[in-house]
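Residue-level structure breakdown
For reference, the chains in residue letters:
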Amino acid sequence: MFRAKHRKTIAITIMMLPGFLWLFILRYLPMGGIIMAFQDYRPHPPNPTLINNIINSRFVGLDNFEFIFATDRAFNMIRNTIGYNLVFIILTTVLSIALAIALNEITKPFLAKAWQTLMFFPFFISWVVASYFVFAFLAPHFGIFSDIRNWYHETEPWPFILTGANLWKNLGFNCIIYFAAIKGIDQEQYEAAAIDGASKWRQIWSITIPGIKPMIIILFIMAIGRIFNADFGLFWNVPNNMGPLMSVTEVFDTYVFRAMQTMSVGMSTAAGLFQSFVGFILIMAANTIVRKVDKENALI
């Protein structure tokens, strides 16, 4: 009995090992580089290795953080990051749930599978490829809509373009998650409600929404934790990194990338650390609020 139990534990441990190694190497091991956020990190020849550079770089305390928020672009960057993410969270949640409910009402399996595939496909397209599609429509002189206005020099339409692009790419993925949650609801509840004379709308509000409520809360808490993280590909590739559009396209992630291009590794590390720290605080705060309102559906 002991041998059999031991053998099962070893098998499960071996299955878990690749995931653990991936998590350790790509998530935990790089945490040692956090020290660069508090340094004026520079290469130190003749042996400019990472460890040697960290050891010999000058400690500057919180100077990198102060510089990030002292620049003229700081307010604009924070406003864009939070503003876009709030819009993305609200629209993606509402529209994903609505589409999942509509998809659940399709009775023909072939049509349901076809719609799932069509909605899910954009998620696998990189922003590099998607940016060429956008460019084909908006490019000066030869774009399909180039006669309407100079798209890459006017900021007004870009919040709507970026929001639309984000929904196009991510809506299907979130919809499938909610659709799977709906499929997990006991169908006898719908049958009982139909016998009692409940309409489709009443069934949705009284059975479907409460049934997927835990999934909504979990995804909401995780999204709140990423509110200071922006999709780099969306904000860098889709607007083609155009200077005139920076007031509406500059977010934390593009700011960090530009800092790295100027070899300010310490400042980019500080920005990344700030994102992670704020994300952790927001996750814990959102989870605390949820736990006080509905303890059973709290993430932690």
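In what follows, the accompanying structure is described. All figures in this text were calculated on a predicted structure; none of them were measured in a lab. (Residues numbered from 1 in each chain as written. Predicted model: local features only at pLDDT ≥ 70, side-chain atom pairs only at ≥ 80, totals over all residues. Heavy atoms only, no water.)

**Quick word on the overall build of the protein chain**
Helices and strands together make up the secondary structure of the protein chain, namely 14 helices and two strands. Over its C-alpha trace the protein chain gives a radius of gyration of 24 Å, far above what one expects of a compact globule, namely 19 Å for 300 residues. On the principal axes, the C-alpha backbone points of the protein chain span a range of 80 × 75 × 35 Å. Burial analysis of the protein chain (300 residues in total) assigns 38% to the buried set. When contacts within the protein chain are restricted to residue pairs at least 6 apart in sequence, those whose partners lie at least 24 apart make up 66%. When the accessible area of the protein chain is evaluated, it comes to approximately 18,600 Å², of which 70% is carbon and sulfur surface. Each charge sign in the protein chain was given a centre, from 22 positive and 17 negative side chains, and these centres are 11 Å apart. (Helix = DSSP H or I, 4+ residues; strand = E, 2+ residues; numbered from the N terminus. Rg over C-alpha atoms; globule rule 2.2 N^0.38 Å. Buried < 20%, exposed > 50% of the residue type's maximum accessible area, 1.4 Å probe, protein only. Contact = heavy atoms within 4.5 Å. Areas by Shrake-Rupley, 256 points an atom, 1.4 Å probe, with all protein chains shown as cover. Lys, Arg positive; Asp, Glu negative; His and termini not counted. Charge placed at Lys NZ, Arg CZ, Asp CG, Glu CD.)

**Thoughts on the packing of aromatic side chains**
Throughout the structure, instances matching the rule amount to 19 aromatic pairs. Centre to centre, the rings of Phe120 and Phe173 are 6.0 Å apart; their planes meet at 15 degrees, and the pair counts as stacked. With Phe120 in helix α5 (residues 109-120) and Phe173 in helix α7 (residues 158-183), this pair connects stretches of sequence that are 53 residues apart. We classify Phe120 as partly exposed; its relative accessible area is 25%. Taken together, a centroid distance of 5.7 Å and an interplanar angle of 50 degrees make the contact between Phe135 and Tyr152 tilted. Note that Phe135 is positioned in helix α6 (residues 127-138) and Tyr152 in the loop between α6 and α7, a separation of 17 residues in sequence. For Phe135, a relative accessible area of 25% gives the class partly exposed. (Phe/Tyr/Trp six-rings, centres within 6.5 Å; stacked < 30°, edge-to-face > 60°.)

**Side note on helix α9 (residues 200-211)**
Those residues of α9 not exposed but buried are Gln203, Ile204, Ile207 and Thr208. Angular distribution of buried residues about the axis of α9 spans 125 degrees; they occupy a single face of the element. What points out from α9, more than 90 degrees from its buried face, is the exposed set Trp201 and Trp205. Where α9 is buried, its residues contact α4 (74-104), α7 and α8 (187-195). (Arc of directions from axis to C-beta.)

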